[in-house]
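Chain by chain, the residues run as shown.
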Amino acid sequence: MSASETTQTVGDGAVSVSSRGALTLRARIATRLRKWGSTHGVLDAVALGLLRPPDILELLIRSYAYQLSDYDCDDPFSPERQILSRLAEHTSGRSLLSVFCGAGRDAGIFCEAGYRVVGVDVQPGMIGLARRKAEAAGWDAEFIEADMYAASLPERYDVAYLSPVMYATQPTRALRRRLLDAMASHVKPDGVIVISARTAPPSDDARYRRYYRVARLTATLTAGFRQIVYGDRCDGTFFVHHYRPGELERELDVAGFDILDDITVDRHAIRFLILRPRA
Ligand SMILES: C[S@@+](CC[C@H](N)C(=O)[O-])C[C@H]1O[C@@H](n2cnc3c(N)ncnc32)[C@H](O)[C@@H]1O
């Protein structure tokens, strides 16, 4: 399935997550406002409030089309190495689905550790890079161009691993839950899911509180990001939700997932959670 064929039903209806076609007017205005405004300033907040969840997803995916060269390198970023032994305690299986695989950085780490990897990414450029790297390195891996929310894959895996911190870049709890469910539908009955979030402190300074109020007001007045919750923000070009202590655990519990393990990799300020869908 190619990105251009993919549609997904999110929030207010069916939306294309293709990186082709025109951006919505909201997304274009918000992009402009974010360029003019300072981070977490008023214009930045108005931009966040204007966007609807499909716009946020579309902007996220498009941004990767401009970052291909950043991913075409031998990147030393490898937090996954710190979780390999703990992962092996929860499953002895060796098939792994690399979700949002990008150019195959994490896929390479898992292949070198003995996993057979299938990577999924919606960006054709990323998939092309991943295939070239896999061929050159002789990895036991294949890469599929698909939107993970709608992907239909030929087998079930022992592990579904989501690219570092990408969980929190999905703009609503409902979407994060759909992503978890999509991953759960592709793991074996005794399989596990790995997600991660930044261990950054929660957003609760005065500047953030004002940003949040302005974004929420804009969302109400313009029927924009009505699902906004405290902790939502745009950092750099990305939407990201900053979790308060205990919030991620509650979100996962409500979504029907048990936390089997919780590993913090301090060097990268990332917290990995190994999950299993509750039967
Ligand atoms: C930060 S990059 C990660 C690349 C790689 N996992 C790594 O860590 O180097 C995130 C990737 O997620 C992909 N992506 C975002 N939303 C997606 C979706 N709905 N389905 C599939 N891939 C998606 C983007 O195209 C991008 O390549």
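Remember, predicted model here, so these are calculated numbers, not experimental data.

1. What to know about the packing of helix α2 (residues 42-50) against helix α9 (residues 206-222)
For the pair α2 and α9, interaxial distance at closest approach is 7 Å and the crossing angle is 40°. For the element pair α2 / α9, the angle class is oblique. By crossing handedness, the relation of α2 to α9 is classed as right-handed. Together, Val-42, Asp-44, Ala-45, Val-46, Leu-48, Gly-49 and Leu-50 of α2 and Tyr-211, Val-214, Ala-215, Arg-216, Leu-217, Thr-218, Ala-219 and Thr-222 of α9 make up the contact between the two elements. Here the contact of α2 with α9 is built from residues that sort into 10 nonpolar, 3 polar and 2 charged.

2. Re the environment of Thr-39
Inspection of the secondary structure assignment puts Thr-39 in the loop between α1 (25-36) and α2. Taking C-alpha positions, Thr-39 is 21 Å from Ala-197, a pair spaced 158 residues apart along the chain.

3. What to know about helix α6 (residues 105-112)
With 7 of 8 residues buried, α6 lies mostly within the body of the structure. Those residues of α6 that fall on the buried side of the exposure criterion are Arg-105, Asp-106, Ala-107, Gly-108, Ile-109, Phe-110 and Cys-111. Looking at the buried side of α6, the elements it contacts are β3 (95-99), β4 (116-121), α7 (124-137), β5 (141-145) and β6 (157-162). One or two positions beyond α6, positive phi appears at Gly-114, with a value near 100°.

4. Some remarks on the nonpolar core
Val-99 and Val-194 are the most contacted members of the largest nonpolar core, which has 70 residues in total. The biggest single contributor to this core is strand β7 (residues 187-198), with 6 residues. Counting contributing residues, this core receives three or more from each of domain 1 (4-69 + 204-236) and domain 2 (75-200 + 242-277). If we ignore the near neighbours within four places in the chain, the residues touching Val-99 are Val-120, Met-148, Ala-160, Tyr-161, Leu-162, Ser-163 and Met-183.

5. As for the site of the ligand
The local shell around the ligand holds 20 residues, among which Phe-100, Gly-102, Arg-105, Met-148 and Ser-163 are the closest. The leading source of residues in the shell around the ligand is helix α3 (residues 53-65), at 3 residues. Considering only residue class, the shell around the ligand consists of 13 nonpolar, 3 polar and 4 charged. Both domains that meet at the shell around the ligand, namely domain 1 (4-69 + 204-236) and domain 2 (75-200 + 242-277), each give it at least three residues.

Criteria and cut-off values
Residues numbered from 1 in each chain as written. Predicted model: local features only at pLDDT ≥ 70, side-chain atom pairs only at ≥ 80, totals over all residues. Axes fitted to C-alpha atoms, helices over the stretch in contact; angles between N-to-C directions. Helix = DSSP H or I, 4+ residues; strand = E, 2+ residues; numbered from the N terminus. Parallel < 35°, antiparallel > 145°, perpendicular 65-115°, else oblique. Left-handed = near helix turned anticlockwise from the far one by under 90°. Contact = placed C-beta atoms within 7 Å. Nonpolar A, V, L, I, M, F, W, Y, C, P; charged D, E, K, R; others polar. Buried ≥ 20, exposed ≤ 12 C-beta atoms within 10 Å, placed from the backbone. Core = buried A, V, L, I, M, F, W, Y, C linked by C-beta atoms within 7 Å. Domains from an automatic or database assignment. Near = placed C-beta within 6 Å.

Keep in mind these numbers describe shape, not what the thing actually does.
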